[in-house]
Amino acid sequence: MQSTAAVSISASAIATGGGARSEAARRPGGLRVCGLRGEALACPSLRISPVPTRLAVARAAAATNGAVAGSGGFDYDLVIIGAGVGGHGAALHAVEEGLKTAIIEGDVVGGTCVNRGCVPSKALLAVSGRMRELHDEHHMKSLGLQVSSAGYDRQAVADHANNLASKIRSNLTNSMKALGVDILTGVGTIVGRQKVRYGKAGFPDKEITARNIIIATGSTPFVPKGIEIDGKTVFTSDHALKLESVPDWIAIVGSGYIGLEFSDVYTALGSEVTFVEALDQLMPGFDPEIAKLAQRVLINPRKIDYHTGVFASKITPAKDGKPVLIELIDAKTKEHKETLEVDAALIATGRAPFTKGLGLENINVVTQRGFVPVDERMRVMDADGNVVPNLYCIGDANGKLMLAHAASAQGISVVEQISGKDHILNHLSIPAACFTHPEISMVGLTEPQAREQADKEGFEVDVVKTSFKANTKALAENEGDGIAKLIYRRDTGEILGVHILGLHAADLIHEASNAIALGTRVQDIKFAVHAHPTLSEVLDELFKAAKLQPREVPDSKPSQPPQPLLKVLSFITALLSSSRRDRQ
């Protein structure tokens, strides 16, 4: 078995409780550490011991589909219903932990993210980014470049998105097969405690037993009442990713992540966009200050107009030579305001959990607005508020945080618990990103959320900001639009939230998310070193700009050293004096 050297630290050397460590323990020998893992340096019993690599463990487990511990009379240790990003992450981790694992998929491996969501949309956004740059004559001239008129092949762009989804889907399938995960095709239904039935139309159903079951069925686009979908002129993101047309004028209902990203794609390819937003401001899920700046950068300079505080009460697809009709009503009074006539309408009003047909009624579980109720450990709760043993739900189906990487993190957390290691995922440490040009990213609380929490708990919040205009790398790219914003506690230095708008914001956010996950305070992370010149220095300056609340010092005489130390010092002084007399 392959192995690699790893640092092994005795448990006695690490404080597991909430008590504060002494300055000497955190900074041995006067060495200053950034705080990410400062306690490791203080450990006197550091030793190097060989531990198996993750690849070696996976290969060993794959030989018997992870059945190291044995399934104890069950067909599987773990059965996962749904093979999206969340189910895939859970399956791979389960095999590495020695669990015999099966995954049931009724559609295609990869789920929404790979096939109809974040993966193909990034292919379209990559195209829009290039087109936007090539069409920006002022930007090109500032770099000394001359570019002739740029164009695009719509079908080739669509093929790029489709081919990327196919490649990633194949990679996910192959990775599970290579590790010995059994991929079972069909629709999974829970028929009782630790029992699952699966099958597809025209074939007899099969029933299997599992020590543990994870529901990972994801979500589908949410379409409000009164909206008629034809998939051609009125469509959801599922249809839009096929890019079967680029309309001259398209209305986008909803200005969240999905709506913003598609506005970036369509305007780059030549469309005019009209946003229809039910709330009083665009981008309602973002930090208000970031949303305000994003509007100036991503909306106002482009061929985009918008209606806020209105509902699209009825949308009729184009037919018989007539355009798409969108009836708008006031969100508060419900009175008719106007009717839009556009070439197409994209419905980007969020997503709904895909939980019908799971057989939850067989185990006394009632969904809440379609979401499966879970506790902080992702354990499913029944109608009486009790934990259903050996049953978990992750990802969009539980509604805690509808992001693909959140589903994967939840799945890994569940497998940790199944393997006997208690684990609770900190959802405030999970980052989110909007892949517009420039990008927007965030982790933790918005400023209003942080101030609300501060009012309840009685602490003071502070905010600092840095600009991309002061960053050397951003200026070299002529991409100075953007800011980074830090929200933190002035008394303790706890990081409450970080929000970034600017070049590669989606990549930069992870330093902040890891800091929140590890509990690193601003007074420690500001000593971390960043390469120069890089965009990461935006965060370096951000953390350095944070100022903590001064500690109150009581009025008293300067503190004296303790008596034992005074005696030692006196003894040393006497010895030195005696030595000098002897030399004389």
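Residues numbered from 1 in each chain as written. Predicted model: local features only at pLDDT ≥ 70, side-chain atom pairs only at ≥ 80, totals over all residues. Heavy atoms only, no water.

Q: Hey, could you run me through the UniProt feature "binding site: FAD" (unreviewed entry) in the chain in this one?
A: Per the UniProt record, "binding site: FAD" (unreviewed entry) is annotated on Lys122, Gly188, Thr217, Gly218, Ser219, Asp396, Met402, Leu403, Ala404 and His405. Checking the named residues against the second largest pocket, the ones that line it are Lys122. Its location among the elements puts Ser219 in strand E9 (residues 219–221). If sequence neighbours within four positions are ignored, Ser219 has contacts with Thr112, Arg351, Ala352, Pro353, Phe354, Asp396 and Met402. In terms of polar contacts, Ser219 uses its side chain to reach the side chain of Arg351, at 2.8 Å. Note on placement: Asp396 falls in the loop between strand E20 (387–393) and helix H12 (404–418). Look past the residues within four positions of Asp396 in its chain and what remains in contact with it is Gly218, Ser219, Arg351, Pro353, Phe371, Leu401, Met402 and Leu403. (UniProt positions renumbered as here; feature names shortened; annotations may be inferred. 1 Å grid on protein atoms, 1.4 Å probe; cavity = no way out; pocket = protein on both sides within 12 Å on 5 of 7 lines; lining within 4 Å. Helix = DSSP H or I, 4+ residues; strand = E, 2+ residues; numbered from the N terminus. Contact = heavy atoms within 4.5 Å. Polar contact = N/O pair within 3.5 Å; in protein donor to acceptor, adjacent residues only side chain to side chain.)

Q: Honestly, the sheet that holds strand E15 (residues 324–330) in this entry has me stumped. Any pointers?
A: Across a sheet, paired strands are connected by hydrogen bonds in the backbone, their directions being either parallel or antiparallel. In space, the three strands of this open sheet follow the order E14-E15-E16, with antiparallel pairing throughout. Looking at the sheet topology across the chains shown, the edges are occupied by strand E14 (310–316) and strand E16 (336–342). Looking at each pair of strands side by side, their axes are set apart by 25° on average, direction ignored. Here E15 pairs with E16 via six bridges, running antiparallel. Within E16, the residue paired with Glu327 across the bridge is Thr339. (Pairing = 2+ DSSP bridges. Axes fitted to C-alpha atoms, helices over the stretch in contact; angles between N-to-C directions.)

Q: How should the side chain of Ser429 be read in this particular structure?
A: Structurally, Ser429 is set in the loop between H12 and strand E21 (432–434). For Ser429, a relative accessible area of 10% corresponds to the buried category. Among the polar contacts listed, one links the side chain of Ser429 to the backbone oxygen of Asn426, at a separation of 2.7 Å. Here Ser429 is in contact with Val443, Ser513, Ile516 and Ala517, once residues within four sequence places are set aside. (Buried < 20%, exposed > 50% of the residue type's maximum accessible area, 1.4 Å probe, protein only.)

Q: Please explain the layout of surface pockets as it appears in this structure.
A: A water-sized probe rolled over the atoms picks out the places where empty space is left. By volume, the second largest pocket is sized at about 1300 Å³. Lining the second largest pocket are 39 residues, with Gly129, Arg132, His437, Pro438 and Glu479 sitting closest to its centre. Breaking the lining of the second largest pocket down by element, the ones donating at least two residues are helix H6 (118–135), helix H7 (137–142), helix H10 (257–268) and helix H15 (505–518). Residue contributions to the lining of the second largest pocket peak at nine residues, all from H6. (Points joined across faces, edges and corners; volume = space filled by probe spheres on them.)

Q: Is there a simple way to explain the sheet that holds strand E22 (residues 439–444) in this structure?
A: Spatially, the five strands line up as an open sheet ordered E21-E22-E25-E24-E23, and their pairing is antiparallel. Each edge of the open sheet is held by one strand with a lone partner, namely E21 and strand E23 (461–467). When strand polarity is set aside, the average angle formed by the axes of neighbouring strands in this sheet is 10°. Bridging between E23 and strand E24 (residues 483–489) involves seven bridges; their strand directions are antiparallel. When the sheet's bridge partners are listed, Val463 is paired in E24 with Ile487. Docked against the sheet, H10 engages E21 and E22, running at close to 30° with respect to E21.

Q: Looking at this structure, I do not really get helix H11 (residues 288–299). What am I missing?
A: In an α-helix, one full turn covers 3.6 residues, which means residues spaced three or four apart are oriented alike. All of the buried residues in H11 are Ile290, Ala291, Leu293, Ala294, Gln295, Val297, Leu298 and Ile299. In this structure, the buried residues of H11 make contact with H10, strand E12 (272–277), strand E13 (304–308), E22, E24 and strand E25 (495–502).

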